Amino acid sequence: MHTFKKNVLSPFLCAAVSLWLGLLFLPAAAILAPAQVTFRDITAQAGIHFTHNNGAFGKKWLPETMGPGCAFIDYDNDGFPDILLVNGQDWPGHTKNGATTLKLYHNNHDGTFTDVTRKSGLGISLFGLGVAVGDYDNDGFDDIFITTVGQSHLFHNNGNGTFTDVTKSAGLWGPNEFSTGAAWVDYDRDGKLDLVVANYVQWSEQTDLYCTLDGSHKSYCTPESYKGTSARLWHNLGNGKFEDATQKAGLYDPTSKGLGVAILDYNNDGWPDILTDGPTSLSRTTRNRISSI
């Protein structure tokens, strides 16, 4: 028995010793060298054909400087993430690119995607900027909120591959703002997702300002040229409707110039807090004080 154990263990001991000796004599650079990670553009190969329309036609309006949002969403719950791309549109009276819409691409499970925008009901033209994905009515299917220049939109997932614009019936109709980022958050922990929307500045076609770098040609204005506007917090009432809880929740700040929204519990008290950031001012973290009320 003693001899059997010796014969079995010896090869492993020798291998271990050899490994350690090999490591000792390896150059430090070889040990610490990071793994080489490379990426390859497979957009066309995957069947994604998308061009962003920022609406630019020469007047250099501020929204034209913004890029579009995008999201992965498993809208049909088949276990494979699909792709949603947000798009802008031509300005009224200045048609240049023709009709451009949101784009929804269905994952074919083989590395390729199929454009199902028209069939899904999302073939709507709007000046879209951001997107937030969440199941606001807890029916098991992710819904979509699109931020825009103008009226933002909420699309309900019908569970059959289609979406319905429920902006009006949900109580979200009315605000005509320069909305950018958005995030779903159950800020009161009642089991229903609420919605935070970041707004950029007070801008419209009628209030567009003239800025110039050389004194003779118009340039894009920086956000410092415009007044800020508050983010909005929409409280989920639980019946497919929302109410504006911005002021009640202490989120109202008319000086804000928001671009992005992030949700975090920065003080580990179990209540989600809200971080908004902008291009010219310090980021703002709004502490959730519900736990102390």
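Each remark here, short or long, concerns the structure printed above.
All of these numbers come straight from a predicted model, not from anything done at the bench.

(A) The overall build of the protein chain, seen in detail. In terms of regular secondary structure, the protein chain is built from three helices and 17 strands. Put simply, 52% of the contacts in the protein chain that link residues at least 6 apart link residues at least 24 apart. Put simply, the protein chain shows about 16,400 Å² of open surface, and 57% of that area lies on carbon and sulfur atoms.

(B) Here's a closer look at the packing of aromatic side chains. This structure, assessed with the given rule, holds eleven aromatic pairs. When the centroid spacing of 4.8 Å and the interplanar angle of 25 degrees are considered together, the rings of W91 and F127 count as stacked. With a gap of 36 residues between them, W91 in the loop between strand 2 (82-85) and strand 3 (103-107) and F127 in the loop between helix 3 (117-120) and strand 5 (128-134) connect regions that are remote in the sequence. Residue class for F127 comes out buried when judged on its relative accessible area of 4%. The ring of W173 carries K168 above its face, with NZ or CZ at 4.7 Å from the centroid.

(C) Local environment of the pattern of salt bridges. Applying the stated rule across the entire model yields five salt bridges. We note a salt bridge from D115 to K103, for which the minimum N-O separation is 3.1 Å. Of this pair, D115 sits in strand 4 (residues 113-115) while K103 sits in strand 3, placing them twelve residues apart in sequence. Exposure remark for D115: the relative accessible area of 35% places this residue in the partly exposed category.

(D) Spatial organisation of the state of the cysteines. Tallied over the entire structure, the rule returns one disulfide. The residue that forms a disulfide with C211 is C221, at a sulfur-sulfur distance of 2.0 Å. With the S-S bond torsion at 105 degrees, the cross-link from C211 to C221 turns out right-handed. Separated by ten residues along the polypeptide, C211 in strand 11 (residues 211-212) and C221 in the loop between strand 12 (218-219) and strand 13 (232-236) bring together distant segments of the chain.

(E) Just the nonpolar core, in detail. One finds L84, L104, L122, I144, I146 and F163 to be the most contacted residues of the largest nonpolar core, which totals 15 residues. Residues in contact with I144, not counting those within four places in the same chain, are I73, L84, L122, V131, A132, H153, L154, F155 and F163. L62, M66, F178 and Y200 belong to the second-largest nonpolar core, a separate cluster that totals 14 residues.

(F) Representation of empty space enclosed by the protein in the model. What the rule picks out here adds up to two cavities of 30 Å³ or more. If you add up the space inside the largest cavity, you get close to 100 Å³. Lining the largest cavity are F145, G150, Q151, S152, T167, L172, P175, E177, S179, V197, R232 and W234. Elements represented by at least two residues in the lining of the largest cavity include exactly strand 6 (143-150), strand 9 (177-185) and strand 13. In terms of residue class, the lining of the largest cavity is made up of five nonpolar, five polar and two charged.

(G) Structural view of the layout of surface pockets. A volume near 250 Å³ is recorded for the second largest pocket. V149, G150, N176, W203 and S204 are, among the 16 residues lining the second largest pocket, the residues nearest its centre. Contributing elements (two or more residues each) for the lining of the second largest pocket: strand 6 and strand 9.

(H) Examining the pairing of strand 10 (residues 194-199) more closely. Extensive coverage of strand 10 is indicated by the burial of six of its six residues. Two elements, strand 9 and strand 10, share five bridges in a ladder whose sense is antiparallel. Its bridge partner being in strand 10, W184 is matched across the sheet by L195. Pairing between strand 10 and strand 13: three bridges, direction antiparallel. Within strand 13, the position partnered with L195 by the bridge is W234.

(I) A look at the sheet that holds strand 1 (residues 70-73). Spatial strand order, 1-2-3-4: four strands in an open sheet with antiparallel pairing. Since the sheet does not close on itself, it has two edges, and those belong to strand 1 and strand 4, each with one partner. When strand polarity is set aside, the average angle formed by the axes of neighbouring strands in this sheet is 25 degrees.

(J) Spotlight on the environment of Q151. Note that Q151 resides in the loop between strand 6 and strand 7 (153-157). Considering only alpha carbons, one finds Q151 and G128, 23 residues apart in sequence, at a separation of 9.6 Å. With near-sequence residues (within four places) excluded, Q151 lies in contact with T167, L172, W173, G174 and P175. For Q151, the side chain forms a polar contact with the main-chain oxygen of L172, separated by 3.2 Å.

Parameters at a glance
- Sequence order as written defines the numbering, with residues in each chain counted from 1.
- Under the rules for a predicted model, residues below a pLDDT of 70 receive no local features and side-chain atom pairs below 80 are neither given nor counted, while totals for whole chains, interfaces and linings still include all residues.
- In computing side-chain values, all of the structure's heavy atoms are included and hydrogens and water are not.
- Strands here mean DSSP runs of E at least two residues long; helices mean DSSP runs of H or I at least four residues long; both are numbered from the N terminus.
- Residues count as neighbours in contact if any of their non-hydrogen atoms are within 4.5 Å of one another.
- A 1.4 Å probe and the Shrake-Rupley method give the accessible areas. Residues count as covered only by the protein chains that appear here.
- Working definition: rings of Phe, Tyr and Trp (its six-membered ring) pair if their centres are within 6.5 Å, and the pair is stacked with planes under 30 degrees apart, edge-to-face with planes over 60 apart, and tilted otherwise.
- Buried, partly exposed and exposed residues are distinguished by accessible area as a fraction of the type maximum, computed with a 1.4 Å probe on protein chains only: under 20%, between the cut-offs, and over 50%, respectively.
- A ring is considered to have a charge above it if a Lys NZ or an Arg CZ atom is located within 6 Å of its centre and within 35 degrees of its normal.
- Put simply, a salt bridge is a Lys or Arg side-chain nitrogen that is within 4 Å of an Asp or Glu carboxyl oxygen.
- The criterion for a disulfide is a pair of cysteine sulfur atoms lying within 2.5 Å.
- To define a nonpolar core, start from buried Ala, Val, Leu, Ile, Met, Phe, Trp, Tyr and Cys residues and group those joined through side-chain atoms within 4.5 Å.
- Any residue with an atom within 4 Å of a point lines the site, the site being either a cavity, points on a 1 Å grid over the protein atoms alone where a 1.4 Å probe fits but cannot get out, or a pocket, an open set with protein on both sides within 12 Å along at least 5 of 7 lines.
- Grid points are joined across faces, edges and corners, and a volume is the space filled by probe spheres set on the points.
- Gly is put with the polar residues, along with every residue not named as nonpolar or charged; the nonpolar set is Ala, Val, Leu, Ile, Met, Phe, Trp, Tyr, Cys and Pro, and the charged set is Asp, Glu, Lys and Arg.
- Strand pairing follows a simple DSSP-based rule, namely that at least 2 bridges must link the two strands.
- To get an axis, a line is fitted to the C-alpha atoms, and for a helix only the part in contact is used. The angle between two axes follows their N-to-C directions and goes from 0 to 180 degrees.
- Here a polar contact means two N or O atoms within 3.5 Å. Within protein one must be a hydrogen donor candidate and the other an acceptor candidate, and residues neighboring in sequence count only if both atoms are side-chain atoms.

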